[in-house]
Amino acid sequence: GIVVLRNVHERRAELAVLRAVGFESATVRQLVLREHMALVLLGLGLGTATAALAVFPLLTNGSGLPWKTLHPTLAAVALNGVAFTWIATRYACRGIVIDALRGE
C-alpha cells in the first residue's frame, strides 16, 4: 500500500494531465488500480515459483509440503495485497487536479 501511495504521489501531475484531457476520475483510478494489481499478482506468482524451486529437493526425497497452511497463507498474502492496493489507490487518487497541474 505504501509503495502504491508513493508511486501515485510521484505521478500525480501525469494523472492530472490525463484528467485534464478528458479522462474520468474513475477511469484514471481504474488504470492505476489495474497496473498495481498486476504487479501484486506477478510478484505473488514469481515468489511462489521461486519458493517451489527452493523446496524442490525436499519434494524429491519423499517429504511432503504443509498443504494445510500453504494455501491459506498464499490466499492471505493475495487478499492483503489486493486490499491494501485498492485502499491506497482510492486514497492516492483523491485530490485537486489544478494543484497537480500547476506542478507540471
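A. Looking closely at the overall build of the chain. Scanning the chain from N- to C-terminus turns up six helices and zero strands. Ordering the α and β elements of the chain from the N terminus gives α-α-α-α-α-α. In summary, the chain has a C-alpha radius of gyration of 19 Å against a globular reference of 13 Å for 104 residues, an excess of more than 25%. Principal axes of the C-alpha set define a box for the chain whose edges measure 65 × 20 × 20 Å. When the 104 residues of the chain are sorted by exposure, 17% land in the buried category. When contacts within the chain are restricted to residue pairs at least 6 apart in sequence, long-range pairs at least 24 apart make up 83% of them. Summed over its atoms, the accessible surface of the chain is roughly 7500 Å², and 67% of this surface lies on carbon and sulfur atoms. Counting 10 positive and 6 negative side-chain charges, the chain places the averaged centre of each group 10 Å from the other.

B. Looking closely at the side chain of Arg11. Position of Arg11 relative to the elements: it lies in the loop between helix 1 (2-10) and helix 2 (12-20). Residue classification places Arg11 among the buried positions, given a relative accessible area of 16%. A distance of 2.9 Å separates the side chain of Arg11 from the side chain of Glu35, its partner in a polar contact. Here Arg11 is in contact with Glu35 and His36, once residues within four sequence places are set aside.

C. Spotlight on the environment of Ala83. Relative to the assigned elements, Ala83 resides in helix 5 (residues 67-92). In sequence terms Ala83 and Gly43 are 40 residues apart; their C-alpha atoms lie 15 Å from each other.

D. Representation of the pattern of salt bridges. A complete count under the given rule lists three salt bridges for this structure. A salt bridge links Arg6 to Glu10, with the shortest nitrogen-to-oxygen separation between them at 3.4 Å. Remark: Glu10 and Arg6 occur in helix 1; sequence separation between them is four residues, near one turn of the helix. Like Glu10, Arg6 is exposed. The salt bridge involving Glu35 is made with Arg11; its shortest N-O contact spans 2.9 Å.

Calculation notes
- Residues numbered from 1 in each chain as written.
- Predicted model: local features only at pLDDT ≥ 70, side-chain atom pairs only at ≥ 80, totals over all residues.
- Heavy atoms only, no water.
- Helix = DSSP H or I, 4+ residues; strand = E, 2+ residues; numbered from the N terminus.
- Rg over C-alpha atoms; globule rule 2.2 N^0.38 Å.
- Buried < 20%, exposed > 50% of the residue type's maximum accessible area, 1.4 Å probe, protein only.
- Contact = heavy atoms within 4.5 Å.
- Areas by Shrake-Rupley, 256 points an atom, 1.4 Å probe, with all protein chains shown as cover.
- Lys, Arg positive; Asp, Glu negative; His and termini not counted.
- Charge placed at Lys NZ, Arg CZ, Asp CG, Glu CD.
- Polar contact = N/O pair within 3.5 Å; in protein donor to acceptor, adjacent residues only side chain to side chain.
- Salt bridge = Lys/Arg side-chain N within 4 Å of Asp/Glu carboxyl O.

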